[in-house]
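Single-letter residue listing:
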Amino acid sequence: MKLYTRTLSDLKEMLVEERVKLDDIYESISYRVKNVEPLVKAYVNQNEEIDLDELDEKDYEDTYLKGLPIAIKDNMSTENLKTTCSSKMLEDYVPPYNATVVNKIKEAGGIITGKTNMDEFAMGSSTENSAFNPTVNPWGKNRVPGGSSGGSAAAVAAGMAPVALGSDTGGSIRQPASFCGVVGLKPTYGAVSRYGLVAFASSLDQIGPLARNVDDIALMMNVIAGNDEKDSTCVDRTYPDFTEYLKNDVEGYKIGIPNQYFEMDIDDEVKESVMNAVKQLEKAGAKVEKVDVTGAEYALAAYYIIATAEASSNLARYDGVRYGLRAEDANNLNDMFTETRQQGFGEEVKRRIMLGTYVLSAGYYDDYYLKAQKVRTLIKNDFDELFEEYDLIVSPTTPTTAFEIGEKRDPLEMYAADIFTVPVNIAGIPAISVPCGFDNKGLPIGIQLMGPHFKEEKLIQAAYSLEKILDLDIDYPDLEMEV
Amino acid sequence: MDNKFETVIGLEVHVQLDTDSKIFCSCSTEFGKEPNTNTCPVCLGLPGTLPVLNKKAVDYLVMTGLALNCDIASYSKFDRKNYFYPDLPKAYQISQYDLPLAKDGYIEVETEEGTHKIGITRIHLEEDAGKLIHEGSIDKSSGSLVDYNRTGVPLAEIVSEPDIRTPAQAREYLNYLKKTLEYLGVSDCNMEEGSLRCDANISLRPRGQEQFGTKVELKNMNSFKAIEKALAYEQKRQRKLIDNTDEIIQETRTWDEDKNKTISMRGKEEANDYRYFPEPDLVPLEINENWAEEIRERLPEMPSVRKNRFIKEYEIPEYDADVLTDSRELADLFEECVTEYNDPKEVSNWIMGEFLRLVNEEKMEVGDTKITGQLLGKMLKMMDEDVISSKIAKTVFEEMFHTGKDPEKIVEEKGLKQISDEDKLETIVENIIEENPDAVEDIKNGKDKAIGYLVGQVMKETKGKANPQMVNQMFRDKISEL
């Protein structure tokens, strides 16, 4: 029995019913990691502190996660475990504290097995911007896993972890989930604490789960959603037990299909697959209508102004003074700042810092930042209006399937990969990407379901239904053969 | 006074708010701790940390705003002020840019020319930065160290309108601010410990002209006196430039205390572009009516109001009221004592006299003494009841001042009780009469003054404990009987 192929929910049940031992699970996953990781390179660091000999499932008997392994993106702070953000700047940085999500996982009896690779400081859509190495999409060894949570998506897709946490600023959970054939949820802004998540763009960043089925997404949301007094932007409300919404029932759901999205440049196969999925939902009792959305053509521009503006400020603290990289032999203070940042940041990070600095500069603020904020309000209001009438808005997660490593050299071309995902972050609403088929190259296609603020349960129910209706039965990419 | 040119001064004052914990984390704000011990991941700006606003700091700022006659914004927000410096761990300061918590206030200061109104443009809340420590002098130092204890201490920035016309007015304005903030209990305004810092803008313009002249910003003044001196120096320097038809350059100048002059620090073109934008990690600050009202009700009586009340209610001279209301603690002490001993002028005399003399002599703060209103009142009653003489009272007072002991106990322990027992005094009085026949003769001849001499002798004999009125009467009786 290949335990590494099992979902978190399955493993949990098997442990409860004493059909399996925790040791066996870890052994199976370690075996898989040993075989597959050299090819996939999903991890930046594995948690060496876990002593498998000392792992006693009795310690976890009364916990929610039963001692099961969880991988997390390397931009969430872990006490005593390096948190690099896949940047040279933080290559040796060990935080003295845990992110709130890390504490929540620990309190729920989960074990953090490793920190996954990502685009440097979560800036990118391919994980090629990692300062260490690119991660490979398990579905095609010359393909990117998407990004920036590419390591998390690849680890889950390759069976190196049943679930992983990612962070999503403009699609960084959903796009790699789509590219790697897994499920990825970006929760409502404010549903999951950002405390300890190394900030890229504070008003857009949100932590969420990646998993091999919707059950596990519900399970992980039960663990990580909730208020946090350490994060003022976290919303104080009670959340339902999300697993209660694992129901195959879309009867009465009203689904909007945005005309403007489908008019954009999308691969035919992607469009077809997504429309097929929509048809299946319709057959199952959902009501589908075409809708008009406002501001879709400005969303990407507004996003890259707001995100870079915040990033330019958030990343200013990496100055070589207190932690992380410090340039040697600088002659004076300014040289130390400049040299440190010159050496520590990669090309894309520098580009975004410069863009962000520019749009906030005196004389440009009104034309860029302020205007982008107005677009943001417009998009937000538009979604609010749509959700008065519709339960879900549906689109492809990305316009294409996974592209080749090194294929996209023009940053603007890369930014376009986020065209369907950024409006969600701009509006702060939740969205989930679910596999809905494969293209003729055997690469996964994802469908994105968007919902109203704090209605994750609606997304979970619809995604679960879709999963059951499509019944794709995604097998594992046969990576071991290739090692 | 310069008949041709008018001086225009505006002040920017930073005051540390005296909250127990920092503005965005729970670290202590205590001054003088080992470097970098009052720190945590949040105030060190470690990756991933987030600020959480300390409500107390907001309370204190609202109190300040109300006391300075400001409008309190029902909606305000925080912004990031971006610049690189080693003492600023996030490389941005969380401050308030376009929507400050308080604005449009004013104060009135008394000057030789009468009451002068100075507008307060705005008061906003922000976080303090850390402190650089250089080994040796800054230019020769081989390295610098940073102490982040101060990072994140709440600051109120109080910006005045350019309504100040003389360096002396500037000082008056600062005195008023300091007094008010101390009264509110929101800051100790200690310039030496850096809890009050002040920058000044100064320019000159021809009298009658509305448009401002080119302004110069002055920094690095470490006392109110230094601010007055720096402004006076700068006023003269700019006037001279005008006389010589030289150009005044818009720049920042620093005050050199040793050389007694201002020195150019940086020009306008070197000024930072702070790239302010709304702080996304904090939600906007909404202050509803109830919150503001609650704070308004808690506001203590302001010094000028209290002074006028003292004059009216206690019928003490204006001078007394002015001195007594100079600090909240002094005024509290006075009122506390008056409730115990209802002779306000007598209480005032003791506080302004003995009490302040000792405070000054011992270089103490009013609040650090052990004297309470109850103790002083009790002592004054003992004087009235002839338990102690006024001379002994001073001894008792000094003891209370240092130890806070009950005056009765002091009198008992030290055997200071006044001798009002006629039997005990009689022998002494008779002895003195015998020993001083000349004086007795004088008195008989109507030279009344000599009685004072005889009484003095008795006081000497009894180490001040004899009841002088009684002794006086006894001498009169005895001598007339002779």
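Since we're looking at a predicted model, the values are computed, not measured.

K.L.:
Which parts of the structure should I look at to understand the overall build of chain A?
P.N.:
Within chain A, the secondary structure is distributed over 15 helices and eleven strands. For 483 residues, the compact-globule estimate of 2.2 N^0.38 gives 23 Å, and chain A sits close to it at 21 Å. A principal-axis box enclosing the C-alpha atoms of chain A has dimensions of 65 × 60 × 45 Å. Relative to its 483 residues, chain A shows a buried fraction of 59%. Here the analysis covers contacts within chain A between residues at least 6 apart in sequence; of these, 76% occur between residues at least 24 apart.

K.L.:
Looking at this structure, how should I read the sheet that holds strand β15 (residues 277-278) of chain B?
P.N.:
Across a sheet, strands are paired by hydrogen bonds formed along the backbone, either parallel or antiparallel in direction. Residue and element names in this part refer to chain B. Spatially, three strands are ordered β5-β4-β15 in an open sheet, and the strand pairing comes out antiparallel. One side of each edge strand has no neighbouring strand; the edge strands of this open sheet are β5 (92-95) and β15. Where strand β4 (residues 79-82) and β15 come together, two bridges link them in antiparallel fashion. Across the sheet, the residue bridging to arginine 80 is phenylalanine 277, located in β15.

K.L.:
Can you help me understand the environment of A:Thr400 in this one?
P.N.:
Residue and element names in this part refer to chain A. One can find threonine 400 in the loop between β9 (392-396) and α13 (411-415). Residue classification places threonine 400 among the partly exposed residues on the basis of 18 C-beta atoms within 10 Å. Apart from residues lying up to four places away in sequence, threonine 400 is in contact with Asp267 and Val270.

K.L.:
Before we go on, may I ask you to explain the pairing of strand β12 (residues 216-219) of chain B in this structure?
P.N.:
Residue and element names in this part refer to chain B. Going residue by residue along β12, you find Val216 and Leu218 tucked away on one face and Glu217 and Lys219 left uncovered on the opposite face. Judged from the three bridges that link them, strand β11 (residues 196-206) and β12 form a sheet pairing that is antiparallel. Counted as the bridge partner of alanine 200 is leucine 218 from β12. In terms of strand pairing, β12 meets strand β13 (residues 251-256) through four bridges, oriented parallel. Counterpart to leucine 218 in the pairing with β13 is arginine 253. Taking the sense of rotation as the criterion, the β-α-β connection linking β12, helix α3 (residues 224-243) and β13 turns out left-handed.

K.L.:
Would you explain the interface of chain B and chain A in this entry?
P.N.:
A common way to report how large an interface is uses the accessible area buried once the components associate. With 24 residues of chain B in contact, the opposing surface of chain A contributes 33 residues. Here the residues of the side of chain B that touches chain A sort into 16 nonpolar, three polar and five charged.

K.L.:
Please clarify how the nonpolar core should be interpreted in this entry.
P.N.:
Nonpolar side chains tend toward joint burial in soluble globular proteins. Formed by 150 residues in total, the largest nonpolar core has its most connected members in A:Leu449 and A:Ala463. With eleven residues, the top contributor of residues to this core is helix α9 (residues 296-314) of chain A. Beyond its immediate chain neighbours, meaning those up to four positions away, A:Ala463 contacts A:Val183, A:Val214, A:Ile432, A:Val434 and A:Leu449. B:Val13, B:Val62, B:Met63 and B:Leu218 belong to the second-largest nonpolar core, a separate cluster that totals 60 residues.

K.L.:
For this particular structure, what's the right way to read the sheet that holds strand β11 (residues 444-450) of chain A?
P.N.:
Residue and element names in this part refer to chain A. The eleven strands lie next to each other as β1-β3-β2-β4-β6-β5-β10-β11-β9-β7-β8, forming an open sheet whose pairing is mixed. Here the strands that pair on one side only, and so sit at the sheet edges, are β1 (43-46) and β8 (287-291). Pairwise comparison of adjacent strand axes, ignoring direction, gives a mean angle of 30° for this sheet. Here strand β5 (residues 183-186) pairs with strand β6 (residues 206-211) via two bridges, running antiparallel. Its bridge partner being in β6, glycine 184 is matched across the sheet by leucine 210.

K.L.:
I'm lost on helix α5 (residues 303-314) of chain B in this one. Help?
P.N.:
Three- or four-residue spacings in an α-helix give side chains the same orientation, since the helix completes a turn every 3.6 residues. Residue and element names in this part refer to chain B. If you check α5, its first and last C-alpha atoms are 16 Å apart, about what twelve residues at 1.5 Å a residue would give, namely 16 Å. Turning to α5, the residues buried within the fold contact α2 (167-184), α6 (318-324) and α7 (328-340). With its phi angle positive at about 50°, glutamate 315 sits one or two positions after the end of α5.

K.L.:
Please clarify how helix α10 (residues 333-344) of chain A should be interpreted in this entry.
P.N.:
Residues and elements named next belong to chain A. With twelve residues, α10 ought to run about 16 Å at 1.5 Å a step, and its terminal C-alpha atoms sit 16 Å apart, in line with that. When α10 is considered as a whole, its buried residues turn out to be Phe337, Thr340, Arg341 and Gly344. In a view along the axis of α10, the buried residues occupy a sector of 90°, so they form one face of it. Pointing more than 90 degrees away from the buried face of α10 are the exposed residues Asn334 and Gln342.

K.L.:
Please explain the domain arrangement of chain B as it appears in this structure.
P.N.:
Residue and element names in this part refer to chain B. Considered domain by domain, chain B is made up of domain 1 (5-290), domain 2 (301-414) and domain 3 (422-481). The C-alpha centroid of domain 3 is placed 33 Å from the C-alpha centroid of domain 2. With four residues of domain 2 at the contact, the number on the domain 3 side is four residues. Split into classes, the residues belonging to the side of domain 2 that touches domain 3 amount to one nonpolar, one polar and two charged.

K.L.:
Any chance you could explain the confidence of the model for chain B here in plain terms?
P.N.:
Atom-level detail of predicted coordinates should not be read off regions where pLDDT is low. Counting all residues, the mean pLDDT for chain B is 91, and 100% of those residues have values of 70 or more. The ipTM value of the predicted complex is 0.96, and its pTM value is 0.90.

K.L.:
In this structure, what is going on with the pairing of β5(B)? I would like to understand it.
P.N.:
Regular strands place side chains that alternate from one sheet face to the opposite one. Residue and element names in this part refer to chain B. Only one face of β5 is buried, namely the one carrying Tyr92 and Ile94, since none of Gln93 and Ser95 on the opposite face is buried. Judged from the four bridges that link them, β4 and β5 form a sheet pairing that is antiparallel. Paired with arginine 80 across the strands is isoleucine 94, a residue of β5.

Conventions adopted
Residues numbered from 1 in each chain as written. Chains lettered and ligands numbered in written order. Predicted model: local features only at pLDDT ≥ 70, side-chain atom pairs only at ≥ 80, totals over all residues. Helix = DSSP H or I, 4+ residues; strand = E, 2+ residues; numbered from the N terminus. Rg over C-alpha atoms; globule rule 2.2 N^0.38 Å. Buried ≥ 20, exposed ≤ 12 C-beta atoms within 10 Å, placed from the backbone. Contact = placed C-beta atoms within 7 Å. Pairing = 2+ DSSP bridges. Right-handed = clockwise from strand over helix to strand, strands pointing away. Nonpolar A, V, L, I, M, F, W, Y, C, P; charged D, E, K, R; others polar. Core = buried A, V, L, I, M, F, W, Y, C linked by C-beta atoms within 7 Å. Axes fitted to C-alpha atoms, helices over the stretch in contact; angles between N-to-C directions. Expected span 1.5 Å × (residues − 1). Arc of directions from axis to C-beta. Domains from an automatic or database assignment. pLDDT = per-residue confidence, 0-100.

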